[in-house]
Amino acid sequence: SASRISTVMDLSTATATTTTGSTAANGYSSPRDSSIPSSFTKFNSALTAGLLNPMSPPPPPAMLDKTRSSPTLFEMMASEADTIGRVPVQIQNGVLPSSSSSSSSSSAAAVAARTTNGNHLVISAQDKQALAMQRISDLLVIRSPGNQFNDPTSSDVKLTLSSKDGIIITMCVHRQILVAHSRFFAMKLSDRWSKQQLPPSSSPYIVEISDCDDVEVYIETLMLMYCRDLRKKMMRHDVSRVLGILKVSAAIGFDAGVLSCLEYLEAAPWSEDEEYRIASLLSELHLENVGATEVLRRVSVEASSNGNSGSSNGGGSSNDEVLLNLLHIVLEGKDEKARRDMKTLVSKMLRENSSGNDLRKESLYLACDGCLHKLKRQFLQAAESDLENVDQIARQADNLHWILDILIDRQIAEDFLVMWASLSELSEVHGKVPVVHRFEISRVTARIFVGIGKGQILTRKEVRCLLLRNWLKPFYDDFAWMRRASKGLDRYLIEDGLSNTILTLPLAWQQEFFLAWFDRFLNSNEDCPNIQRGFEVWWRRAFWRRKEESQEPARLRIIASATENS
């Protein structure tokens, strides 16, 4: 625009003037000294007086003039939205008009300035339009030798594309190529339509397509019709651009383009965001008959099972069998660090699936029974002073702790509690096994206490009482070792869980367990969990409320007597 050109000229003049003023300040004469503005003369005087010397005093205010002969770059960017309106921009045969070229160049410079001067890139609508115009112009101009796309000398169709944001593109294409590759153009450019147009021998057909979602993608789709090796051309694009080309190709009936896009998507890697977009677009376009099933096999079990390729065992396996196999691999792994990492990964994947239909309850308890059987065998051997393979006690206890976490997450841990509370044969010989080998078992008991205390495991009071009778004393014996040897152990969480577990019992049973803890805590403070909070709750329940209940009948009698006297 005229205002844009005037601004640039002013900036150029100011630059030239600054250069001349700097020459004069260095002691050289210039024939153009008389044309130097007064503001630059005062600036040079201030510079000569030592303005840039940090040890010199500041110059007098009279030497500095705040007026400028040209606007700053920031002012040019601020006034850009006012000087450039949102008007349709038209490209003829890949060449931008002169005004559009200057506008796009200025906008590109503004974008570069914003990128340099700020940490965040903020692109306005005008800048985006200018950049898109420049990319489209380069796309239309640059073509390989022998390619007739957008060749005005040999084309017989002048195609105009317009987008919703005001970009209008006119290009030269060939009717024969469009009809041969696209069912949409074959119908629109049929012989009947051509006879109705009746153009002169030297005039091309005029075709207009409006409201395109992305003009640039539409042009790239048309360019593929002129390409001999579509697969090689696709390798230059990313997944996002191929999805755009696939959508346009399906809309205009460009079957070769659709197949090339699907072949690319089947072989190229995807990100998680791209995976969602691919699945959504393929379900929207309904391309199952032309190869979309091959693409979806990567993310769909149904598509894999319906296909002919792949292993027969993997295609027919259910999710339950696959996950159960993963559980056994983790439970039997040799490398401890790798086992810990894989336990965390599998737990995370199972937790993310909120449906819980991928792994049956029976499968989890089947794995649990295997670990418990090995634990009982090794623990009873160690109780008889047979310490061969004694490390399996800690290993299987850790496996049970992991499975218990999965059961609690899925709210199916009640049967585990019943099974663990009934292991009196292990709790009775617990003291015969060295504490360094047995303390991992008490971690399982502690996890059950936390689950009951948080309401994650709900079972009958008889089962809860049996758990405490069989496993509370072994838990006290191992608490000191468990605290020192287990990394990341939350002592306060376990103590609250134990307190709440005891408080869920009837009041007479609470008294038994809290008085036993009181005696033990006074004799071994550091080696015993502190459940003082639960003890205080029991005390208030047992004595304060009992006292209030004993006073309640007397109050009733007094009130009744007062009522009779009145």
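As the structure is a prediction and not an experimental result, all values here were calculated from the model.

Caption draft 1: Inspection of the overall build of the protein chain at higher detail. Along the protein chain, the regular secondary structure elements total 28 helices and four strands. When the 566 residues of the protein chain are sorted by exposure, 40% land in the buried category. Partitioning the contacts of the protein chain with sequence separation of at least 6, the portion at a separation of at least 24 is 69%. Surface summary for the protein chain: the accessible area is close to 32,800 Å², and the carbon and sulfur share equals 54%.

Caption draft 2: Focus on helix 26 (residues 491–503). With 13 residues, helix 26 extends 18 Å between its outermost C-alpha atoms, agreeing within 8% with the 18 Å of an ideal straight helix rising 1.5 Å per residue. Burial in helix 26 covers these residues: Arg491, Ile494, Glu495, Gly497, Leu498, Ser499, Thr501, Ile502 and Leu503. Structurally, the start of helix 26 carries an N-cap: the backbone nitrogen of tyrosine 492 is 3.4 Å from a side-chain oxygen of aspartate 490.

Caption draft 3: Representation of the packing of helix 20 (residues 361–383) against helix 21 (residues 391–409) within the structure. Contact geometry of helix 20 with helix 21 gives a least axis separation of 9 Å together with a crossing angle of 155 degrees. Viewed along their axes, helix 20 and helix 21 adopt a mutual orientation that is roughly antiparallel. Considering the relative orientation of helix 20 and helix 21, their crossing is left-handed. Across from Leu364, Tyr365, Ala367, Cys368, Cys371, Leu372, Lys374, Leu375, Gln378, Phe379 and Ala382 in helix 20, the residues of helix 21 making contact are Gln392, Ile393, Gln396, Ala397, Asn399, Leu400, Ile403, Ile406 and Leu407. Classifying every residue of the contact of helix 20 with helix 21 gives 15 nonpolar, four polar and one charged.

Caption draft 4: Quick look at the packing of aromatic side chains. Inspection of the entire model under this criterion finds 19 aromatic pairs. Where phenylalanine 439 meets tryptophan 481, the ring centres are 6.0 Å apart and the plane angle is 35 degrees; that geometry is what we call tilted. Of the two residues, phenylalanine 439 is situated in helix 24 (residues 435–453) and tryptophan 481 in helix 25 (residues 461–485); the sequence distance between them amounts to 42 residues. Measuring from centroid to centroid gives 6.2 Å for phenylalanine 514 and phenylalanine 535, while their planes differ by 80 degrees, and the two rings are edge-to-face. On the criterion of sequence distance, the pair formed by phenylalanine 514 in helix 27 (residues 507–523) and phenylalanine 535 in helix 28 (residues 532–565) is long-range, its members being 21 residues apart. With respect to burial, phenylalanine 514 and phenylalanine 535 carry one shared label: buried. Among the aromatic side chains, those forming a connected cluster through ring pairs are Phe514, Trp517, Phe518, Phe521, Phe535, Trp538, Trp539 and Phe543. In this structure, arginine 298 is placed above the aromatic ring of tryptophan 270, and the distance from its NZ or CZ to the ring centre is 3.9 Å.

Caption draft 5: Seen up close, helix 27. Across its 17 residues, helix 27 extends 25 Å between first and last C-alpha, which sits within 8% of the 24 Å expected from 1.5 Å per residue. The complete set of buried residues in helix 27 reads Gln510, Phe513, Phe514, Trp517 and Phe521. Projection of helix 27 onto a plane perpendicular to its axis shows the buried side chains occupying an angular sector of 95 degrees, all on one side. In this structure, helix 27 carries Ala508, Leu522 and Asn523 as exposed residues pointing more than 90 degrees from its buried face.

Caption draft 6: Layout of the nonpolar core. Of all hydrophobic cores here, the largest spans 73 residues; its most connected members are Leu400, Phe416, Trp420, Leu467, Phe475 and Leu498. The contact partners of tryptophan 420, leaving out residues within four places of it in the chain, are Leu372, Leu375, Leu400, Ile441, Val444, Thr445, Ile448, Leu467 and Trp471. Counting residues in hydrophobic clusters, the runner-up holds 53 residues, among them Leu189, Ile209, Val258 and Ala268.

Caption draft 7: How the structure looks around the environment of threonine 170. Looking at the element boundaries, threonine 170 is found in strand 3 (residues 167–173). For the pair threonine 170 and isoleucine 206, spaced 36 residues apart in sequence, the C-alpha to C-alpha distance is 9.9 Å. A polar contact of 3.4 Å, which involves the side chain of threonine 170, links it to the side chain of threonine 160.

Caption draft 8: View of the layout of surface pockets. Size it by volume and the largest pocket reaches roughly 840 Å³. Every residue lining the largest pocket is counted, 28 residues in all, and those nearest its centre are Asp398, His401, Asp405, Arg443 and Lys487. Mapped onto the lining of the largest pocket, the elements with two or more residues apiece are helix 19 (336–352), helix 21, helix 24 and helix 26. Element by element, the count of residues in the lining of the largest pocket is highest for helix 19, at seven residues.

Caption draft 9: Representation of the pattern of salt bridges. With the rule as written, the count across this model stands at 28 salt bridges. Between lysine 337 and aspartate 341 there is a salt bridge, with its nearest N and O atoms 3.3 Å apart. With lysine 337 and aspartate 341 both in helix 19 and four residues apart, the pair spans about one turn of that helix. Using a relative accessible area of 53% as the deciding quantity, one classes lysine 337 as exposed. Two residues, aspartate 478 and arginine 438, come together in a salt bridge whose shortest N-O distance is 2.7 Å. Residue aspartate 478 is located in helix 25, and its partner arginine 438 is located in helix 24; the two are separated by 40 residues in the primary sequence. Aspartate 478 gets classed as buried once you look at its relative accessible area, which sits at 0%. One connected set of salt bridges, linked through shared partners, spans Glu336, Arg339, Lys343, Arg395, Asp398, Glu440 and Arg443.

What counts, and where the lines are drawn
- Residues numbered from 1 in each chain as written.
- Predicted model: local features only at pLDDT ≥ 70, side-chain atom pairs only at ≥ 80, totals over all residues.
- Heavy atoms only, no water.
- Helix = DSSP H or I, 4+ residues; strand = E, 2+ residues; numbered from the N terminus.
- Buried < 20%, exposed > 50% of the residue type's maximum accessible area, 1.4 Å probe, protein only.
- Contact = heavy atoms within 4.5 Å.
- Areas by Shrake-Rupley, 256 points an atom, 1.4 Å probe, with all protein chains shown as cover.
- Expected span 1.5 Å × (residues − 1).
- Polar contact = N/O pair within 3.5 Å; in protein donor to acceptor, adjacent residues only side chain to side chain.
- Axes fitted to C-alpha atoms, helices over the stretch in contact; angles between N-to-C directions.
- Parallel < 35°, antiparallel > 145°, perpendicular 65-115°, else oblique.
- Left-handed = near helix turned anticlockwise from the far one by under 90°.
- Nonpolar A, V, L, I, M, F, W, Y, C, P; charged D, E, K, R; others polar.
- Phe/Tyr/Trp six-rings, centres within 6.5 Å; stacked < 30°, edge-to-face > 60°.
- Lys NZ or Arg CZ within 6 Å of the ring centre and 35° of its normal.
- Arc of directions from axis to C-beta.
- Core = buried A, V, L, I, M, F, W, Y, C linked by side-chain atoms within 4.5 Å.
- 1 Å grid on protein atoms, 1.4 Å probe; cavity = no way out; pocket = protein on both sides within 12 Å on 5 of 7 lines; lining within 4 Å.
- Points joined across faces, edges and corners; volume = space filled by probe spheres on them.
- Salt bridge = Lys/Arg side-chain N within 4 Å of Asp/Glu carboxyl O.

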